Amino acid sequence: MQYDVIVIGSGPGGYVGAIRCAQLGLKTAIIEKYSTFGGTCLNVGCIPSKALLDTSEHYHNAANNFATHGIGISSLKIDVKKMIERKNDVIAQNTAGITYLFKKNKIDSFEGVGSFIDKNTVKVTKTNGATEELKAKNVIIATGSKPTALPFLPIDKKRIITSTEALNLTEVPKHLIVIGGGVIGLELGSVYARLGAKVSVVEFAKSIIGTMDGSLGKELQRVLKKNLGMEFFLGHKVTGATSKGKNVTVTAENAKGEPITIEGDYCIVSVGRTSYTEGLGLENIGITTEERGNKISTNEHMETIVEGIYAIGDVIKGPMLAHKAEDEGVYVAERIAGQKPHIDYNLIPGVVYTWPEVASVGKTEEQLKESGIKYKAGSFSFKASGRAKASGDTDGFVKVLADATTDEVLGVHMIGPRAADMIAEAVVAMEYRASAEDIARICHAHPTFTEALKEAALAATANRAIHA
Ligand code: FAD
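Residues numbered from 1 in each chain as written. Predicted model: local features only at pLDDT ≥ 70, side-chain atom pairs only at ≥ 80, totals over all residues. Heavy atoms only, no water.

Caption draft 1: Layout of the sheet that holds strand β10 (residues 198-203). In spatial order, the strands read β8-β15-β9-β10-β11; together these 5 strands make up an open sheet with parallel pairing. The open sheet has two edge strands, β8 (160-161) and β11 (231-234), and neither has a second partner. With 2 bridges connecting them, β8 and strand β15 (residues 266-269) associate as parallel partners. Looking across to β15, one finds that I161 is bridged to I268. (Pairing = 2+ DSSP bridges. Helix = DSSP H or I, 4+ residues; strand = E, 2+ residues; numbered from the N terminus.)

Rendered as structure tokens:
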């Protein structure tokens, strides 16, 4: 079969890229090695983790917060099996949606492992061993990533697990040890802490969510400790983990090099993800991957060293986020169609779906200080928000960073209720190069959480927040 474009991998990068190619009139095929489309994001990532976060949030609120509203529940229990079934149903609805979109856009889909024979020929190897060859002028590699393993710490997938197994537990752990204080570890740790597990986070760095603005990690750690009793071992280097029967033992060294031992019944290893290129046959077309992280190198147009072969999403550099992969899918499709698309990597928002949620876009204070850019900072606490008082979500704040001279917004960092949705306003404002005063002068509905952004912008532009 001859195509304009073959896409390998149907995660958010691959499936969005394929749809955009088809919309642009390109004859498109997509190859996925698993029986469902949607990749990590839909099957074992964004969507299932958010389904469990929602269930556990309901449970936590019923157990801890309903009483203050005058709602009494006499016998509250969590049915873990039902929770996982609902999560699987949410996955099924989403992956079926992708099948529908492929049909609607007349994209040919193939189940099997895609591997290069040469730059224009991709072999599909099905689970029964049968093979088929497809030809195309362009190929987009969107093969994603898999959890990073620590060489000295074998994953048994039963007690010492990755995020994938953590989405399918059959019970609430008594004591869950999370190795890695990044987004995935904290989200999954939150799920089980809300359901009653004791959760200990062991992190090598001195702070959690270390890539975000430093103030966010500090506040998130404080709130997770206060609300969920989570315990943090920061500045600790994990040296090993073993499981025996139902028990797990994690060993680590503190900052002074002293050994510590933590005993639990489950341990999630969430120390990052590594790009996935196994079985792709890159050696047949002369593409090598970077030693660190196994990433495929591309130019600024996401084209590899081989003309007509592109790579997008988790398999290349940049933040490992679904929306980054999607935007790159669209970018490459439009490049192939002869257009001149653009992505501003400074404006890719980052979100942590804990409660309170954490969201961020643009430069952090640390980055601005490091690059010597003079800036003004304005913050507004949710304690002073009428909407937050009404819902009982007064933890957190919004911080706006603006250029000291021009007032242009350079970064927005927030931790608080619905921050994941609220960050979109900051992204739009920054995309249009708004000043802090522009945001401050826009009418925000009352009472909403978004008023906190307006107040923080007022604080940044002229230190004149109204409600602080
Ligand atoms: P993937 O989604 O990894 O898809 C790659 C696909 O390629 C897979 O389906 C794979 O089977 C297939 N494939 C690989 N090799 C071959 C081959 N040779 N032939 C055929 N098919 C192949 N990101 C967010 O933005 N928001 C979140 O809330 C979020 N939550 C997450 C929660 C968890 C627990 C995890 C693990 C990740 C989360 N992420 C989140 C990250 C997000 O899932 C990834 O950034 C995103 O899925 C990357 O998309 P992709 O298209 O590059 O690759």
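That covers the picture; the talk isn't over yet.
Caption draft 2: Representation of the nonpolar core in the model. Residues I6, F102, F116, I140 and I141 are the most contacted members of the largest nonpolar core, which totals 51 residues. At 6 residues, the largest contribution of residues to this core is made by helix α1 (residues 12-23). Filtering out sequence-adjacent residues up to four positions away, F116 remains in contact with I8, T121, V122, V139, I141, L280, G281, L282, N284, I285 and I309. One finds V80, V178, L216 and V352 within the second-largest nonpolar core, a separate group that totals 36 residues. (Core = buried A, V, L, I, M, F, W, Y, C linked by side-chain atoms within 4.5 Å. Buried < 20%, exposed > 50% of the residue type's maximum accessible area, 1.4 Å probe, protein only. Contact = heavy atoms within 4.5 Å.)

Caption draft 3: Here's a closer look at the packing of α1 against helix α8 (residues 322-336). Close contact between α1 and α8 brings their axes to 7 Å; oriented N to C, the two are set at 30 degrees. Relative to α8, α1 is oriented roughly parallel. The handedness of the crossing between α1 and α8 is right-handed. Seen from α1, the contacting residues are P12, G13, V16, G17, R20 and C21; seen from α8, they are A322, A325, E326, G329, V330, A333 and E334. Its residues placed into classes, the contact of α1 with α8 shows 7 nonpolar, 3 polar and 3 charged. (Axes fitted to C-alpha atoms, helices over the stretch in contact; angles between N-to-C directions. Parallel < 35°, antiparallel > 145°, perpendicular 65-115°, else oblique. Left-handed = near helix turned anticlockwise from the far one by under 90°. Nonpolar A, V, L, I, M, F, W, Y, C, P; charged D, E, K, R; others polar.)

Caption draft 4: Structural context of the pattern of salt bridges. Here the structure, examined in full by the defined rule, presents 18 salt bridges. Taking the shortest distance from any N to any O, the salt bridge between E334 and R20 comes out at 2.7 Å. A residue pair is termed long-range when its members are at least 10 positions apart, and E334 in helix α8 and R20 in helix α1 qualify at 314 residues. Classification of E334 as buried rests on a relative accessible area of 13%. Put simply, K146 and E278 hold a salt bridge, and the shortest N to O gap is 3.6 Å. Pair noted here: K146 is in strand β7 (residues 145-147) and E278 is in the loop between β16 (273-275) and β17 (309-311), with a separation of 132 residues, a long-range link. Taking relative accessible area as the criterion, K146 reaches 34% and is therefore assigned partly exposed. Residue E278 is classed as exposed on the basis of its relative accessible area, which comes to 53%. (Salt bridge = Lys/Arg side-chain N within 4 Å of Asp/Glu carboxyl O.)

Caption draft 5: Structural view of the packing of aromatic side chains. This model, assessed by the stated rule, comprises 3 aromatic pairs. Seen from their ring centres, Y3 and F110 are 6.5 Å apart, and the 85 degrees between their planes marks the pair as edge-to-face. Taken together, the residues Y3 in strand β1 (residues 2-8) and F110 in strand β3 (residues 108-111) connect sequence positions 107 residues apart. Across this residue pair, the class does not change: Y3 and F110 are buried. Between the aromatic rings of F382 and F449, the centroid separation amounts to 6.4 Å while the plane-to-plane angle is 75 degrees, which identifies the pairing as edge-to-face. Of this pair, F382 sits in the loop between β20 (375-381) and α10 (386-391) while F449 sits in the loop between α12 (436-441) and α13 (451-462), and the two are 67 residues apart along the sequence. A relative accessible area of 0% means that F382 is categorised as buried. Overall, the relative accessible area of 13% leaves F449 in the buried class. Lying across the ring of Y266, R159 places its NZ or CZ 4.3 Å from the centre. (Phe/Tyr/Trp six-rings, centres within 6.5 Å; stacked < 30°, edge-to-face > 60°. Lys NZ or Arg CZ within 6 Å of the ring centre and 35° of its normal.)

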